[in-house]
Amino acid sequence: MGASVYEARIAERAAGVLGDGWAVRRAVFRSMNSSLPGNRRLPFGAVTRASSGVRRQLGRLLYPGDTLTHRMNLELPPAPDGDVITLHDVVAWRFPDESPPVAAAAEEARRADAVICVSEFSANEAVEFLGIRDPRVVHNGIDEAFFDAAPLSEAQRAELRLPERYVLHAGGASSRKNLPALAEAWPIVHRERPDLVLVLSGPPHPRRTALFEGMPGTRLLGRVADGIVPGLVAGAAAVVVPSLYEGFGLPVLEAMAANVPVVAARTSSLPEVAGDAALLVEPTGRGVADGLLSVTRDDPAIAALVAAGRSRAAGFTWDASARGHAEVWRSLA
């Protein structure tokens, strides 16, 4: 998912953007019984429940002295010196159906030497909701595979049982994703555009299933392999992001990079990321429906919107994001 992509893309570029005089070591912590690849083990259940004092002591044991440590997961304990964290959003504190926050995370974030936020919106949330001082904003990037990606082939679509024309929603199904508004919107769209199918991709979730299973003109795709995601996006007639809350909203930029029109809610970080290169709508069933009907009609204005989106997406690269991180790291050296 988005946070994992972020971690990998910044870590693999860190040494290159810092240059001579820096040594970079990546520690990938996993739980004691995890089968995922990693080079460190921690009893994460006990670590996340521990008091701030115990977590500080553990940090002194985990991280070597005279180093700068960037924690990209708030479950990890703080470093004794040079402690940098990434705060994607504050959903853990704001939304009860998200994973609960680490008990000591807010206090640790206020103590950190630097806090990187992925959008101005998230930075404002960090200040107002958690009391963090002077967060640094460094936007995410987009994987190069999305830029001018080719749509899935006919054979690939057949394997996934995808129609020729579809609207794509990709991501989670928690309450902030606002899927009820999309479920309200789709029958309106389908009546006007019977050739369009709403395709929903993402890990299976009972909320998504309850809303869309059996609804005419929809296809629950489930989780798809990373390698075909750019083609899945590129083949869409439109991408819809109706979320009430996003710390960044990467699907908006991925669609823009792939030359696909975007309908996004006028909420949280989405206007900041989309600029004037997406159709921003109210996060209601009627608002989403009107937006989708607008971008799927034969209109030269939509081609101009797509061109603006491709141009805007070009400014969000992982190389640029890594350079922004390096500026923060160097400021603490």
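About the thresholds
Residues numbered from 1 in each chain as written. Predicted model: local features only at pLDDT ≥ 70, side-chain atom pairs only at ≥ 80, totals over all residues. Heavy atoms only, no water. UniProt positions renumbered as here; feature names shortened; annotations may be inferred. Helix = DSSP H or I, 4+ residues; strand = E, 2+ residues; numbered from the N terminus. Buried < 20%, exposed > 50% of the residue type's maximum accessible area, 1.4 Å probe, protein only. Pairing = 2+ DSSP bridges. Contact = heavy atoms within 4.5 Å. Polar contact = N/O pair within 3.5 Å; in protein donor to acceptor, adjacent residues only side chain to side chain. 1 Å grid on protein atoms, 1.4 Å probe; cavity = no way out; pocket = protein on both sides within 12 Å on 5 of 7 lines; lining within 4 Å. Points joined across faces, edges and corners; volume = space filled by probe spheres on them. Nonpolar A, V, L, I, M, F, W, Y, C, P; charged D, E, K, R; others polar.

## A look at the UniProt feature "domain: Glycosyltransferase subfamily 4-like N-terminal" (unreviewed entry) in the protein chain
Okay, so step 1: Under the UniProt annotation, "domain: Glycosyltransferase subfamily 4-like N-terminal" (unreviewed entry) lies at residues 84-144.
Okay, so step 2: Its end C-alpha atoms 27 Å apart, residues 84-144 is made of 36% helix and 16% strand.

## Quick word on the pairing of strand S4 (residues 83-87)
Okay, so step 1: With respect to burial, S4 is a largely interior element, five of its five residues being buried.
Okay, so step 2: What you see with S4 is no split at all: Asp83, Ile85 and Leu87 on one side and Val84 and Thr86 on the other are buried throughout.
Okay, so step 3: Across three bridges, the pairing between strand S3 (residues 69-71) and S4 is parallel. Looking at S4, one finds that Thr69 is bridged to Asp83.

## Observations regarding helix H11 (residues 250-257)
Okay, so step 1: With respect to burial, H11 is a largely interior element, seven of its eight residues being buried.
Okay, so step 2: When H11 is considered as a whole, its buried residues turn out to be Leu250, Val252, Leu253, Glu254, Ala255, Met256 and Ala257.
Okay, so step 3: Against the buried residues of H11 lie helix H10 (229-234), strand S10 (238-241), strand S11 (262-265), helix H12 (270-274) and helix H14 (300-313).
Okay, so step 4: Count one or two residues on from H11 and you reach Asn259, which has phi positive near 65°.

## Some remarks on the side chain of Thr296
Okay, so step 1: The topology assignment puts Thr296 in the loop between helix H13 (285-295) and H14.
Okay, so step 2: Here the side chain of Thr296 touches Arg193 through a polar contact of 3.1 Å, side chain to side chain.
Okay, so step 3: Among the polar contacts made by the side chain of Thr296, one reaches the main-chain carbonyl oxygen of Leu292 at a distance of 2.6 Å.
Okay, so step 4: Residues contacting Thr296, with those up to four places away along its chain left out, are Arg165, Arg193, Leu196 and Ala238.

## Structural notes on the sheet that holds strand S6 (residues 136-137)
Okay, so step 1: The parallel open sheet is built from four strands, whose spatial order is S3-S4-S5-S6. The open sheet is flanked by S3 and S6, the only strands paired with a single partner.
Okay, so step 2: The pairing of S4 with strand S5 (residues 114-117) spans four bridges and is classified as parallel. Following the sheet pairing, Val84 is matched in S5 by Ala114.

## Structural notes on the layout of surface pockets
Where empty space is left can be seen by rolling a probe of water-molecule size over the atoms.
Okay, so step 1: The calculated volume of the second largest pocket comes to roughly 170 Å³.
Okay, so step 2: Lining of the second largest pocket is provided by Arg56, Arg60, Pro78, Ala79, Pro80, Asp83, Glu108, Arg111, Ala112 and Asp113.
Okay, so step 3: Elements with a minimum of two residues in the lining of the second largest pocket: helix H3 (52-62) and helix H5 (105-111).
Okay, so step 4: Across the lining of the second largest pocket, the residue classes break down as four nonpolar, no polar and six charged.

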